[in-house]
Amino acid sequence: METGIKDFARPVEASAVMELLPTRPRVLALGEPTHGEDTLLDLRNRLFRQLVEEQGYRTIALESDCLRALTVDAYVTSGEGALDDVTERGFSHDWGGSRANRELVGWMRDFNADRPTHDHVRFAGMDGPLEITGAESPRQALTALHDYLTAHVDAELLPCTADRLDGLLGPDAPWTDQAAMMDPSQSIGRTPEARELRLLADDMATLLDTQAPHLAAVSSLDDRERAHLYGRTAVGLLRYHSWMADTSPSRMARLLATRDEMMAGNLLALAARGPVLVHAHNSHLQRDKSAMSMWGHPKVEWWSAGALVSTRLGDRYAHLATALGTMKHQGVDAPPPNTVEGILHALPDPQYVIDAAQLDTIVRHMAAVPRVSPYFGYAPLDPSQLPHIDGVVYVSDVPHG
């Protein structure tokens with residue numbers, strides 16, 4: 001069976017990836033089964049460089065705060081700021097300290113330095129201003145959207161003044177109170193002020209659409225895209241805060257679905273600009289329903305950003321799922337031979353990409369079973385997902401450091 005896999009295993013290169021796909025995808029999704037491992041991020045960086053140089057890709061989106069990412073994008077396109085400060089402020093989830101992430105940002109800046117603006121590579125975050133422990137205040141998104149509209153449309157069209165917006169928002173601390181994730185009664189997401197803010201956010205986001213011809217005449221494409229990002233983020237954050245205040249059994253499912261809907265909106269907006277490589281957890285990129293159990297709740301299911309985007313884009317969306325063999329510093333030893341990872345581990349190659357459909361045939365023949373992870377932060381590849389994946393990237397070992 002090793003021979004069968006070896007016959008269609010290829011190096012993880014842009015050309016080999018494209019050979020797996022019917023067409024160059026508008027969104028090429030590279031999923032990872034665990035976060036924070038530079039071995040996987042180094043692979044991502046190499047693939048992105050090849051996609052840029054050989055396939056015309058010009059955008060990378062990471063599972064990071066979409067508003068913070070604007071700081072990184074400004075740096076790689078104009079040199080604004082210093083690398084240390086940019087990576088500290090421009091990533092969420094404490095990922096700015098990653099060596100591989102710093103190298104990505106540095107390479108993007110070097111690539112852009114001598115190129116015209118239209119040929120720049122761009123950096124984006126696909127995630128909302130969210131953490132698993134809570135969410136940010138909608139202040140930044142709402143205020144920035146209001147400022148843009150104030151500068152470009154007649155005052156009588158605005159649904160409120162800046163002072164009214166500030167008064168409704170109040171202090172940021174109640175919005176960011178992490179206790180609200182576990183205790184809905186601590187959330188301010190359904191106060192009268194929050195409800196009014198949702199209406200105002202909707203009205204301002206709608207202004208971007210109803211005034212589109214005028215805004216196209218008086219502001220740049222970058223400014224308009226940024227305004228739409230603020231609008232999507234403001235509406236999504238207020239919706240997320242509202243569900244944090246919910247007490248029904250569907251609360252967690254609604255929160256997870258809302259987060260991925262925000263991710264999908266950001267990816268579709270980026271795809272409208274050109275081909276994009278997105279790197280995030282497999283659970284956010286898969287076409288199957290995602291599922292998880294946490295904090296004593298029963299298993300929760302929701303449709304991921306990948307499922308939503310795939311529904312819209314069809315074969316212009318492609319998902320490469322990364323699987324790994326060993327990660328010994330997290331207690332993940334060699335995979336059992338009757339799992340997907342165990343079958344892939346039979347090859348001596350340290351990293352390769354394979355066609356998921358061909359792999360599925362072998363996996364079914366061997367009656368492979370799901371691998372059980374001893375480490376909560378690593379999600380093995382379920383063999384039932386192979387029919388809905390375009391390719392599998394295999395990394396035989398993820399060493400520490």
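Please refer to the structure placed before this passage.
Conventions we followed
Residues numbered from 1 in each chain as written. Predicted model: local features only at pLDDT ≥ 70, side-chain atom pairs only at ≥ 80, totals over all residues. Heavy atoms only, no water. Helix = DSSP H or I, 4+ residues; strand = E, 2+ residues; numbered from the N terminus. Rg over C-alpha atoms; globule rule 2.2 N^0.38 Å. Contact = heavy atoms within 4.5 Å. Areas by Shrake-Rupley, 256 points an atom, 1.4 Å probe, with all protein chains shown as cover. Lys, Arg positive; Asp, Glu negative; His and termini not counted. Charge placed at Lys NZ, Arg CZ, Asp CG, Glu CD. Phe/Tyr/Trp six-rings, centres within 6.5 Å; stacked < 30°, edge-to-face > 60°. Buried < 20%, exposed > 50% of the residue type's maximum accessible area, 1.4 Å probe, protein only. Lys NZ or Arg CZ within 6 Å of the ring centre and 35° of its normal. Core = buried A, V, L, I, M, F, W, Y, C linked by side-chain atoms within 4.5 Å. Axes fitted to C-alpha atoms, helices over the stretch in contact; angles between N-to-C directions. Parallel < 35°, antiparallel > 145°, perpendicular 65-115°, else oblique. Left-handed = near helix turned anticlockwise from the far one by under 90°. Nonpolar A, V, L, I, M, F, W, Y, C, P; charged D, E, K, R; others polar. Pairing = 2+ DSSP bridges. Arc of directions from axis to C-beta. Polar contact = N/O pair within 3.5 Å; in protein donor to acceptor, adjacent residues only side chain to side chain. Salt bridge = Lys/Arg side-chain N within 4 Å of Asp/Glu carboxyl O.

K.L.:
Give a description of the overall build of the protein chain that names residues and reports values.
P.N.:
From N to C terminus, the protein chain includes 18 helices and 11 strands. Over its C-alpha atoms the protein chain spans a radius of gyration of 22 Å, differing by no more than 12% from the 21 Å that the globule rule assigns to 401 residues. If you take every contact in the protein chain between residues at least 6 apart in sequence, the share linking residues at least 24 apart comes to 77%. Looking at the protein chain as shown, the accessible area adds up to about 17300 Å², and 50% of this sits on carbon and sulfur atoms. Put simply, the protein chain has 36 plus and 55 minus side-chain charges, and the middle of one group is 3 Å from the middle of the other.

K.L.:
Describe in detail the packing of aromatic side chains, supporting the description with residues and values.
P.N.:
Within the structure shown, the criterion is met by 5 aromatic pairs. Note on Trp107 and Phe111: the rings are 5.2 Å apart at their centroids and 35° apart in plane angle, and the pair reads as tilted. In this pair, Trp107 and Phe111 are both assigned in helix α6 (residues 99–112), 4 residues apart and thus about one turn of the helix distant. What makes Phe111 buried here is its relative accessible area of 9%. Taken together, the aromatic side chains of Phe48, Trp107 and Phe111 make up a single cluster linked through ring pairs. Geometry around Trp243 places Arg190 over its ring, the cationic atom sitting 5.1 Å from the centre.

K.L.:
Talk me through the nonpolar core; I want residue IDs and the actual numbers.
P.N.:
Leu28, Phe48, Leu51, Ile60, Met108 and Phe123 are the most contacted members of the largest nonpolar core, which has 42 residues in total. Sorting elements by how many residues they give to this core places helix α3 (residues 38–55) first, with 6 residues. The contact partners of Phe48, leaving out residues within four places of it in the chain, are Thr59, Ile60, Leu104, Trp107, Met108 and Leu277. Core analysis: the next-biggest nonpolar cluster, separate from the first, contains 28 residues, Leu142, Val153, Leu169 and Ala194 among them.

K.L.:
An account of the packing of α3 against α6 is needed here, citing residue identities and associated values.
P.N.:
A packed helix pair is summarised by two numbers, namely the angle formed by the two axes and the spacing between the axes. Where α3 contacts α6, the axes come no closer than 8 Å and their chain directions differ by 15°. With respect to each other, α3 and α6 are oriented roughly parallel. Considering only the axes of α3 and α6, their crossing is right-handed. From α3, Asp38, Leu41, Asp42, Arg44, Asn45, Phe48, Arg49, Val52 and Glu53 reach across to α6, where they touch Arg99, Ala100, Asn101, Glu103, Leu104, Trp107, Met108 and Phe111. The residue inventory of the contact of α3 with α6, partitioned by class, reads 8 nonpolar, 2 polar and 7 charged.

K.L.:
Provide a residue-level description of unusual backbone geometry, including the pertinent values.
P.N.:
The backbone of His93 shows a phi angle near 60°, a positive value even though the residue is not glycine. Mapped onto the elements, His93 comes out in the loop between α5 (83–90) and α6.

K.L.:
An account of the sheet that holds strand β6 (residues 276–281) is needed here, citing residue identities and associated values.
P.N.:
Taken in spatial order, the 7 strands line up as β3-β2-β6-β1-β9-β11-β10 in an open sheet, and their pairing is mixed. At either end of the open sheet lies a strand with only one pairing partner, and these are β3 (122–127) and β10 (351–355). Each strand axis lies, on average, 25° off the axis of its neighbour in the sheet, ignoring direction. Relative to strand β11 (residues 391–397), β10 runs antiparallel, the two being bridged by 5 bridges. In the sheet register, Asp355 faces β11, and the bridge partner there is Gly391. On top of the sheet, α3 reaches β1 (27–32), β2 (59–65), β6, β9 (317–326), β10 and β11; it is set at about 165° to β1, its chief contact.

K.L.:
With reference to specific residues and values, describe the environment of Ile343.
P.N.:
Inspection of the secondary structure puts Ile343 in helix α17 (residues 340–344). Separated by 16 residues in the primary sequence, Ile343 and Leu359 place their C-alpha atoms 9.3 Å from one another. Residues within four places of Ile343 in sequence aside, it is in contact with Ile5, Pro337, Ile362, Val363, Met366 and Ala368.

K.L.:
Outline helix α18 (residues 356–365), supporting the account with residue identities and numerical values.
P.N.:
Those residues of α18 that fall on the buried side of the exposure criterion are Ala356, Leu359, Asp360, Ile362 and Val363. With its buried residues spanning 165° around the axis, α18 presents them on a single face. Exposed and facing more than 90 degrees away from the buried side of α18 are Thr361, Arg364 and His365. Backbone nitrogen of Ala357 and a side-chain oxygen of the N-cap are separated by 3.2 Å at the start of α18; the cap is Asp355. After α18 finishes, the residue Ala367 shows a positive phi value of roughly 50°.

K.L.:
For the environment of Asp355, give the residues involved together with the corresponding values.
P.N.:
Examined against the element boundaries, Asp355 turns out to sit in strand β10. Among the residues examined, Asp355 registers a relative accessible area of 15% and is labelled buried. Separated by 35 residues in the primary sequence, Asp355 and Leu320 have C-alpha atoms spaced 9.4 Å apart. Here Ala357 takes part through its backbone nitrogen, which lies 3.2 Å from a polar atom of the side chain of Asp355. In this structure the side chain of Asp355 is engaged in a polar contact, spanning 2.9 Å, whose partner is the backbone nitrogen of Gln358.

K.L.:
So, the pattern of salt bridges: which residues are in play, and what are the values?
P.N.:
Taken as a whole and judged by the stated rule, the model has 22 salt bridges. Two residues, Asp73 and Arg122, come together in a salt bridge whose shortest N-O distance is 2.8 Å. Within this pair, whereas Asp73 is found in helix α4 (residues 69–78), its partner Arg122 is found in strand β3, the two being separated by 49 residues in sequence. Just as Asp73 is buried, Arg122 falls in that class too. Notably, a salt bridge pairs Glu261 with Arg239, separated by 3.6 Å at the nearest N-O pair. In this pair, Glu261 sits in helix α14 (residues 251–273) while Arg239 sits in helix α13 (residues 221–244), placing the two residues 22 residues apart along the sequence. Taking the relative accessible area as the measure of exposure, Arg239 reaches 27% and is therefore partly exposed. Three or more residues joined by partner-sharing salt bridges are found here, namely Asp38, Asp42, Arg99 and Glu103.

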